[in-house]
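Summary of structural features
The chain contents come next:
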Amino acid sequence: MHVVPSICAFCGVGCGIGLRVQNDRVVGVEPQPGHPISQGQLCSKGWATSFAIEPANRLTEPLVKEHGRFRRASWDEALGRVAEALAIALDEAGPQGVGVISCARACNEDNYAAQKFARAVLGSHNIDHCARICHSPSVAGLAMTLGSGAMTNGIADIDEAELIMVIGADVSENHAMIGARMLRAQARGATLIVVDPRKTRLARLADIHLQLRLGSNIALLNGLLQIILANGWENHAFLAARCEDIQPLRRHLAGLSPERTSALTGIAVADLERVAYLFSHARTAFTAYGMGITQFQSGTNNVIAVSNLALACGQVGRPGTGINPLRGQNNVQGACDMGCLPNVYPGYQDAADAAVQAKFAAAWGRPAPEHPGLTSLGMTRAALDGELRALMIMGEEPVLTDPDQGHVARALTALDFLVVVELSLTETAKLADVVLPAASFAEKHGTFTNCERRVQRVRQAVQAPGMARCDWQILGELAARMGYPGMAWGDAEAVFEEMAGLTPIYSAMSYAALEQSYGLQWPCDAEHPQGSPLLHERGFPRGRARLLPVSQVEPDECPDADYPFALTTHRLHFHYGGGSMTRQSPLLERGTPAALLFMNPSDAVRLGLEEQQPVAVRSRRGSLETRVHLTDDVPPGVLAMPYHFREAPCNRLTNGAQDPLSKMPELKACAVAVQALSIGSSGGVHASL
């Protein structure tokens, strides 16, 4: 047995793991003792990594669908079919008729290849990935206020924080190593404040839990800032030196009062005043937030409101402070960095900028696409309208993770051609015309970029099972079949070198440099050859930071007589994403083996429901059956469901209303009704009368 150092492929924390290899098989996992993030620890998912890539559960050969059923095929036949179908779609509908959805679990090299394939081979900016439904408002909102949409500080800055504020993130469940670090900081004396409509585990352990009304994020953040400004607690020196005029925002908030904020949020005035005082007077305040901020139709404005609060108090640009979005998947930051978004090339270079277009046209030998690109949800609509004809999905599971599951499935079925590149036969892959087997992170060389902008090496530990290949290899051969030779890389390092040469924030990185000190944090360039753990220490990319007035926006769909409950979605400690990886592990499956509907006991009493009773949940978009779990984690009138379970996919219910700027769907709030079910004598479930 030998151990190959690598990086965990679950959440965005980026923990260091060692893959235990015996007889060309990953048989176990161990933590890296000296790793700066995980510090010799792993969460339950990290320890179960080997199950996620077990060859017995994997796709090992290409599959081609004929007469509604899959059959095995050679790579030559499968790629030939894909190339022909894409060429037909291009001929009939043009570059706007094709698209690519890349993968936030895949390496940077794979994602760079995906967006290059879309732009240089297909001639289309129709490239997106799951950041659209997790942190696209962070990219948009922080770019507007700071000029950069990434985590401003490092995870280690938690150790230097006098105060930690967590907003809309279940950190101990979803980013366990960060949650543990926050609790250690609290034990050393830091004040821990959690803002969340649910009583998460971290909220129960916090010094202060602000259990705000679902969807009232802007009202709360505006109210805290109004109290700070009214009392003169803002950081006058920081505002004068580093920010644009705060007066428009001050005037915007002048009509608020603590009493009005309390009425809008459900938080007592005394608690509002206490938190406002503590945050503004803390020497260092570390602000972290998650999808409880972003997954609303007001997601971008929610992020702007977080930024306003931190900027007004000068809690940016110093160790122990910062505005820190906690990214969901292991390489969602990297997929964004690589340009897997319709509006930017690698390194967030504006796709509409003529100079940027000329730069990439010269480098790739192909003209820049002429038309603006579609988001992933835009591609869904275009497929239903008959405008998008062919789509490649690489490692994503939109049938389970996108809002309004029925809408997504209808769109994928409406395509002339769907090709999916995957590890296993997911619900999305089942709808494909061709399925191509992918190599996992343990079977290839590459890099991941975690939530703190740290680029780290992953290394091939074993051979890919059967005929599985790396994504960049698949795309390179497809490109050659479609007449483009510019993706014939010899290895993953060659892909990285091409990307770094075109991406300023990665320009000083190389595989050799990344081997030192557990990777490098971007920007890493001639000015910062050792990387940048801290952003905005002396200035902001946009010059002075902006404080932008934003107003409370209620969820698109609120409870009413027909749908009396507000439903929100969340994740569980033992599962991840659509469950295609974690549900391969009997250890994790044992932790939470089935979907649950979290309900307050007072609501259950009113409906006559008992623990684990079967229920039907319906919204205006669909219905599902599950079992109820009674807990005061959720307040009366609010229900919560995890989205990991294909047997009860909560995104069959969720609302597709979108943030107008980032196109983020409102996954965190919709209206539902609940009906009790009973188990009949045959074992079937039916509605009780």
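A brief report on the enclosed structure follows. (Residues numbered from 1 in each chain as written. Predicted model: local features only at pLDDT ≥ 70, side-chain atom pairs only at ≥ 80, totals over all residues. Heavy atoms only, no water.)

What to know about the overall build of the protein
In terms of helices and strands, the protein carries 25 helices and 27 strands. At 24 Å, the protein has a C-alpha radius of gyration in line with the 26 Å of a compact globule built from 689 residues. Considering only C-alpha atoms, the protein reaches an extent of 75 × 70 × 55 Å along its principal axes. For the protein, the residues scored as buried account for 63% of the 689 residues in total. For the protein, restricting intrachain contacts to residue pairs at least 6 apart in sequence, the fraction spanning at least 24 positions comes to 73%. In the form shown here, the protein has an accessible surface area of approximately 23600 Å², with 51% of it arising from carbon and sulfur atoms. Of the charged side chains in the protein, 58 are positive and 68 negative, and the gap between their average positions amounts to 2 Å. (Helix = DSSP H or I, 4+ residues; strand = E, 2+ residues; numbered from the N terminus. Rg over C-alpha atoms; globule rule 2.2 N^0.38 Å. Buried < 20%, exposed > 50% of the residue type's maximum accessible area, 1.4 Å probe, protein only. Contact = heavy atoms within 4.5 Å. Areas by Shrake-Rupley, 256 points an atom, 1.4 Å probe, with all protein chains shown as cover. Lys, Arg positive; Asp, Glu negative; His and termini not counted. Charge placed at Lys NZ, Arg CZ, Asp CG, Glu CD.)

A look at the sheet that holds strand β19 (residues 454-458)
In spatial order, the strands read β18-β19-β20; together these 3 strands make up an open sheet with antiparallel pairing. Bordering the open sheet on either side are β18 (446-449) and β20 (520-521), each of which pairs with just one other strand. The pairing of β19 with β20 spans 2 bridges and is antiparallel. Bridge assignment links R454 to a residue of β20, and that residue is Q521. Running over the sheet, helix α4 (residues 108-121) touches β18 and β19 and is turned about 90° from β18. (Pairing = 2+ DSSP bridges. Axes fitted to C-alpha atoms, helices over the stretch in contact; angles between N-to-C directions.)

Here's the deal with helix α22 (residues 492-502)
Looking only at α22, the buried set comprises A492, V495, F496, M499, A500 and L502. The arc that holds every buried residue of α22, seen down its axis, measures 165°, which confines them to one face. The exposed set on the far side of α22, more than 90 degrees from its buried face, consists of E497 and G501. The residue sitting at the N-terminus of α22 and contributing the capping side-chain oxygen is D491; that oxygen lies 3.3 Å from the backbone nitrogen of E493. (Arc of directions from axis to C-beta. Polar contact = N/O pair within 3.5 Å; in protein donor to acceptor, adjacent residues only side chain to side chain.)

Regarding the sheet that holds strand β2 (residues 16-21)
Pairing within the open sheet is antiparallel, and its 3 strands lie in the order β1-β2-β3. Only two strands of the sheet have a single neighbouring strand rather than two, namely β1 (2-7) and β3 (26-31). When strand polarity is set aside, the average angle formed by the axes of neighbouring strands in this sheet is 30°. In the sheet, β2 pairs with β3 via 5 bridges, with the strands oriented antiparallel. In the sheet register, R20 faces β3, and the bridge partner there is G28.

Concerning the pattern of salt bridges
The tally for this structure, following the rule as stated, stands at 36 salt bridges. With a shortest N-O distance of 2.4 Å, R71 and E77 are connected by a salt bridge. A salt bridge links D110 to K444; its shortest N-O distance comes to 2.6 Å. Here D110, found in helix α4, pairs with K444, found in the loop between β17 (434-437) and β18; they are 334 residues apart in sequence, far enough to count as distant. (Salt bridge = Lys/Arg side-chain N within 4 Å of Asp/Glu carboxyl O.)

What about the packing of helix α18 (residues 376-384) against helix α20 (residues 405-414)?
Remark: α18 packs on α20, axes separated minimally by 8 Å, with the N-to-C direction vectors making an angle of 60°. Between α18 and α20, the interaxial angle falls into the category oblique. The two elements α18 and α20 cross, and the hand of that crossing is left-handed. Judged by residue contacts, T380, R381, A383 and L384 of α18 engage H407, V408, R410, A411 and A414 from α20. (Parallel < 35°, antiparallel > 145°, perpendicular 65-115°, else oblique. Left-handed = near helix turned anticlockwise from the far one by under 90°.)

A word on the environment of A429
On the secondary structure map, A429 appears in the loop between β16 (417-422) and β17. Its relative accessible area of 0% is what places A429 among the buried residues. Apart from the residues within four sequence positions on either side, A429 is in contact with F70, V420, S424 and V435.

Considerations on the pairing of strand β25 (residues 638-642)
By the criterion of burial, β25 is predominantly enclosed, with 5 of the 5 residues buried. As judged from the 5 bridges shared by strand β21 (residues 565-570) and β25, these two strands associate in the parallel manner. Counted as the bridge partner of A566 is V638 from β25. Inspection of the sheet shows strand β22 (residues 596-599) paired to β25 by 2 bridges, in the antiparallel sense. The residue bridging M599 from the neighbouring strand is L639, located in β25.

These values are about where atoms sit, not about what they do.
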